[in-house]
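Topology and contacts: notes
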Amino acid sequence: MVETVSPKPTACLALADGTVFYGHGFGATGRCVAELCFNTAMTGYQEIMTDPSYAGQVVTFTFPHIGNTGVTPEDDETADPVAAGMVVKWDPTLASNWRATEELKSWLTRTGRIAIGGVDTRRLTRAIRQQGAPHVAMEHNPDGNFDLEALVAAARAWPGLEGMDLAKDVTCAQSYRWDEMRWAWPDGYSRQEDPKHKVVAIDYGAKRNILRCLASAGCDVTVLPATATSEEVLAHNPDGVFLSNGPGDPAATGEYAVPMIKDILDKTDLPVFGICLGHQMLALALGAKTTKMNHGHHGANHPVKEHGTGKVEITSMNHGFAVDAQTLPEGVEETHVSLFDGSNCGIRMKDRPVYSVQHHPEASPGPQDSFYLFERFAEAMAARKA
């Protein structure tokens with residue numbers, strides 16, 4: 001009988017509490033330090049890695065078959081991966097997908113993102129749920145030599161997402177127009193050639209598919225940086241204002257975003273629609289507060305109930321902070337709630353077309369359970385003009 005020897009680990013994940021996971025490194029070499037979260041989605045790993053809302057985070061995928069559909073530029077939510085790294089159960093296999101243009105491993109290498117495979121992701125996920133999202137240092141070294149004390153120290157020294165404004169890091173550098181609509185068979189992406197409404201979208205880390213959904217709902221979209229002022233927004237004479245998703249602590253981004261939103265609400269009767277961080281920005285502008293969650297919501301199977309209709313939607317989630325519904329002021333009501341933990345997932349002003357949701361209606365988990373939110377935004381703009 002021949003004894004087999006396990007290959008030497010080439011990657012290491014160190015948690016701030018001193019726990020260490022070894023595995024097989026792929027993608028870029030080097031080290032990254034970030035918060036660790038887990039995502040339960042069975043598909044969409046490329047969209048997750050390129051979602052700007054994951055800035056400052058390493059993503060543990062609970063679904064083991066990551067990489068089996070390769071990558072394609074059509075599925076990028078922004079130009080390059082934004083998540084700091086990925087952790088998977090099994091090493092990626094060769095891609096089997098007619099749309100794939102590149103393997104996951106080479107894509108991560110080319111874009112400078114570190115990944116580790118061969119990790120007990122069930123154990124890691126349980127640790128995150130029980131102890132909260134930990135700070136971690138992850139290193140990929142083909143030589144297999146790791147300074148564990150230095151890795152643990154780096155994880156402990158990382159300041160964390162609380163108080164961190166990351167929207168400035170992922171927002172656009174200058175304004176631009178958007179007219180690409182949602183992907184449809186057999187033509188793929190088409191252009192909106194007959195828009196009905198002018199929308200200014202504030203980019204706190206906007207996903208491309210959100211902008212596509214706005215265009216598909218009949219909007220002529222102008223995207224402005226996160227730091228845009230109310231004067232810059234109103235200079236475009238919009239029919240509505242959209243507040244995008246994004247990363248980091250909403251209270252930190254709110255230092256400059258909240259005054260702009262308040263000014264829009266005070267000076268105009270424009271419809272306003274927010275998603276994810278945009279939802280939190282609107283809540284702060286209306287007088288509510290946000291809190292850091294234990295391990296957040298990250299996945300594509302989250303049931304959310306709309307109070308007004310009683311309808312339950314299967315939604316996509318990605319957030320580590322939440323609006324505290326107990327702090328909503330008079331005149332603002334909760335519209336949606338998570339059926340997992342009862343946390344807030346939507347608000348609206350009672351007397352104006354101003355509303356927002358925590359979940360991602362553009363991510364097609366239902367697959368179209370929540371697309372009505374974009375249509376509702378378009379209807380509000382049409383009603384105002386009528």
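Everything below is about the structure shown above.
Now for a look at the structure at hand. Model, not experiment: these values are computed from the prediction.

Each value, and the rule that gives it
Residues numbered from 1 in each chain as written. Predicted model: local features only at pLDDT ≥ 70, side-chain atom pairs only at ≥ 80, totals over all residues. Heavy atoms only, no water. Helix = DSSP H or I, 4+ residues; strand = E, 2+ residues; numbered from the N terminus. Polar contact = N/O pair within 3.5 Å; in protein donor to acceptor, adjacent residues only side chain to side chain. Contact = heavy atoms within 4.5 Å. Patch = residues over 30% accessible without salt bridge, like charges linked within 9 Å, V, L, I, M, F, W, Y side chains within 5 Å. Areas by Shrake-Rupley, 256 points an atom, 1.4 Å probe, with all protein chains shown as cover. Salt bridge = Lys/Arg side-chain N within 4 Å of Asp/Glu carboxyl O. Buried < 20%, exposed > 50% of the residue type's maximum accessible area, 1.4 Å probe, protein only. Pairing = 2+ DSSP bridges. Right-handed = clockwise from strand over helix to strand, strands pointing away. Axes fitted to C-alpha atoms, helices over the stretch in contact; angles between N-to-C directions. Arc of directions from axis to C-beta.

Tracing the backbone through its elements, the reader meets His336 in strand E15 (residues 332–338). Within the structure, the side chain of His336 is placed 3.0 Å from the side chain of Tyr372, a separation counted as a polar contact. Residues contacting His336, with those up to four places away along its chain left out, are Val304, Lys305, Glu306, His307, Glu313, Asn344, Cys345, Gly346, Val357, His359 and Tyr372.

Looking at the secondary structure, you find Phe38 in strand E3 (residues 30–39). With near-sequence residues (within four places) excluded, Phe38 lies in contact with Thr60, Thr62, Thr125, Ile128, Arg129, His295 and His298.

Let us now look at a nonpolar patch on the surface. Where nonpolar side chains cluster on the molecular surface, the patch consists of Trp98, Trp183 and Trp185 and spans about 470 Å² of accessible area. For Trp98, the location among the structural elements is in the loop between strand E5 (85–87) and helix H2 (104–111).

What follows is about the pairing of strand E6 (residues 114–117). Side chains Ile114 and Ile116 of E6 all project onto a buried face; the interleaved residues Ala115 and Gly117 project onto the opposite face, where all are buried too. Sheet analysis places E5 next to E6, joined by three bridges and oriented parallel. Bridge pairing links Gly85 to Ile114 in E6. At this point the chain moves from E5, through H2, to the parallel E6, and the crossover so formed is right-handed.

Going from Trp185 to Pro186, the amide bond is cis rather than trans, its omega being 5°. Here Pro186 lies in the loop between strand E8 (176–178) and strand E9 (197–203). Its identity as a non-glycine residue notwithstanding, Asn237 has a phi of 50°, on the positive side. Here Asn237 lies in the loop between helix H7 (230–234) and strand E11 (240–243). Residue Asn237 is classed as exposed on the basis of its relative accessible area of 56%. Even without a glycine there, the phi angle at Cys276 is positive, about 60°. Along the chain, Cys276 turns up in the loop between strand E12 (272–275) and helix H9 (277–286). Here Cys276 falls in the buried class, since its relative accessible area comes to 2%.

A separate point is the side chain of Asn344. Assignment of secondary structure puts Asn344 in strand E16 (residues 344–349). A distance of 2.9 Å separates polar atoms of two side chains, one belonging to Asn344 and the other to His279. Of the polar contacts made by the side chain of Asn344, one reaches the side chain of Glu334; its length is 3.0 Å.

Further remarks concern the sheet that holds strand E4 (residues 57–61). Read around the barrel, seven strands follow the order E1-E2-E6-E5-E4-E3-E7 and close on themselves; strand pairing throughout is mixed. Taken over all neighbouring pairs, the strand axes of this sheet differ in orientation by 35° on average, direction set aside. Judged from the four bridges that link them, strand E2 (residues 20–27) and E6 form a sheet pairing that is antiparallel. By the bridge assignment, His24 is partnered in E6 with Gly117. Those strands touched by H2 are E2, E5 and E6, and its axis lies near 90° from that of E2.

Time to look at the pairing of E4. Taken across its five residues, E4 has five buried, putting it largely inside the fold. Of the two faces of E4, the one lined by Gln57, Val59 and Phe61 and the one lined by Val58 and Thr60 are each fully buried. Pairing analysis gives three bridges linking E4 to E5, with the strands arranged parallel. Pairing of Val58 across the sheet is with Gly85, part of E5.

Bringing helix H3 (residues 121–131) into the picture now. Because the α-helix completes a turn every 3.6 residues, residues three or four places apart line up on one side. Taken together, the buried positions of H3 are occupied by Thr121, Leu124, Thr125, Ala127 and Ile128. Looking down the long axis of H3, one finds its buried residues gathered within 155° of arc, a one-sided arrangement. Set apart from the buried face of H3 by more than 90 degrees, the exposed residues are Arg122, Arg129 and Gln130. On the buried face of H3, the contacting elements are strand E1 (11–15), E2, E3, E4, E5 and strand E13 (289–306). Two residues or fewer past H3, Gly132 is found with a positive phi of approximately 95°.

Let us look at the sheet that holds E16. Read across the sheet, 10 strands follow the order E8-E10-E9-E11-E12-E17-E16-E15-E13-E14 without closing on themselves; strand pairing throughout is mixed. In the strand order of this sheet, the two ends are held by E8 and strand E14 (312–324), each with one partner. Averaged over all adjacent pairs, the angle separating strand axes in this sheet is 25°, with direction ignored. When E8 meets strand E10 (residues 219–225), the two strands line up antiparallel, connected through three bridges. Following the sheet pairing, Trp178 is matched in E10 by Val221. Strand contacts of helix H6 (residues 208–216): E8, E9, E10, E11 and E12, with the helix running at about 145° to E10, the strand carrying the most contacts. Here H9 sits on the sheet in contact with E11, E12, E13, E14, E15, E16 and strand E17 (354–357), set at roughly 50° to E16.

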